[in-house]
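Below are the chains, spelled out letter by letter.
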Amino acid sequence: MTAQVEAIPKDMHTITPHLVCDGAADAIAFYKKAFNAVEHARMQTPDGKIMHAMLTIGDSHLMLVDEFPDYGSIGPNKLKGTPVTLHMYVQDVDQAFAQAVAAGATVKMPLENQFWGDRYGIVTDPFGHSWSLASHVKDVTPEEMKAAMQNMQPECGPQS
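### Structural notes on the overall build of the protein
For the protein, the count of helices and strands is three helices and eight strands. Shown N-terminal to C-terminal, the secondary structure of the protein runs as helices and strands in the order β-α-β-β-β-β-α-β-β-β-α. For the protein, the spread of C-alpha atoms along the principal axes amounts to about 60 × 40 × 30 Å. Residues counted as buried form 38% of the 160 residues belonging to the protein. Across the protein, contacts joining residues at least 24 apart in sequence account for 50% of those joining residues at least 6 apart. If you sum the accessible surface of the protein, you get close to 10,600 Å²; carbon and sulfur atoms cover 56% of it. Side chains of the protein carry 11 positive and 19 negative charges; the gap between the two charge centres is 3 Å.

### Thoughts on the sheet that holds strand β7 (residues 118-124)
Spatially, the four strands line up as an open sheet ordered β5-β8-β7-β6, and their pairing is mixed. Of all the strands in the sheet, just β5 (85-89) and β6 (106-113) have a single pairing partner and so form its edges. The average angle at which neighbouring strand axes cross in this sheet is 15°, direction not considered. Bridge analysis of β6 against β7 gives five bridges, and the strand direction is antiparallel. Of the residues in β7, the one forming a bridge with T106 is T124.

### Points about the packing of aromatic side chains
As enumerated under the stated definition, the model contains nine aromatic pairs in all. Where F30 meets Y31, the ring centres are 5.6 Å apart and the plane angle is 70°; that geometry is what we call edge-to-face. Centroid distance W116 to Y120: 5.2 Å. Interplanar angle 80°. Geometry classified as edge-to-face. Here a set of aromatic residues connected by ring pairs shows up, and it is made of F30, Y31, F35, F127 and W131.

### Side note on the pairing of β7
Among the seven residues that make up β7, six are buried, leaving the element largely enclosed by the rest of the structure. From the end of β6 to the start of β7, which pair antiparallel, there are four residues, and G117 there has a positive phi angle of about 105°. Here β7 runs beside strand β8 (residues 130-136); their pairing, made up of seven bridges, is antiparallel. The residue of β8 that forms the bridge with T124 is S130. Where β7 folds back on β8, the antiparallel hairpin that results is connected by five residues, among which G128 adopts a positive phi of roughly 95°.

The rules behind these values
- Residues numbered from 1 in each chain as written.
- Predicted model: local features only at pLDDT ≥ 70, side-chain atom pairs only at ≥ 80, totals over all residues.
- Heavy atoms only, no water.
- Helix = DSSP H or I, 4+ residues; strand = E, 2+ residues; numbered from the N terminus.
- Buried < 20%, exposed > 50% of the residue type's maximum accessible area, 1.4 Å probe, protein only.
- Contact = heavy atoms within 4.5 Å.
- Areas by Shrake-Rupley, 256 points an atom, 1.4 Å probe, with all protein chains shown as cover.
- Lys, Arg positive; Asp, Glu negative; His and termini not counted.
- Charge placed at Lys NZ, Arg CZ, Asp CG, Glu CD.
- Pairing = 2+ DSSP bridges.
- Axes fitted to C-alpha atoms, helices over the stretch in contact; angles between N-to-C directions.
- Phe/Tyr/Trp six-rings, centres within 6.5 Å; stacked < 30°, edge-to-face > 60°.

Structure, rendered in structure tokens:
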């Protein structure tokens, strides 16, 4: 008799980011230093490239793979950026942001208290992936958010 297999393993969430990195082993080392990642698995090809790695950051999983251009697997640095931002809530965003920058991330958007109630900023890691970091600091009603958005001044764009 065959045991029932769970379609979604018990410790996995419905969505798990799977990042392509030029230098996945270096990316793993960076994520450990910048975000306190814990490595759970690493499968390498005979030439040492990472074809699969599994990390956790906080209570979330993160998968990584090296670039394999012959299979269309290319990281954001070769693509000249990414439209995707990985969002991470943390207890102390000032400490987490400083830790990421000290590890080698570059500031894309400085930390500031935002109208939606989060202290929020964005960094780009050395592999081209964007990470927004936040701590919720204030509960804001939808009406308060709408009013704050209407009072925002655009920093760029067409001038009338």
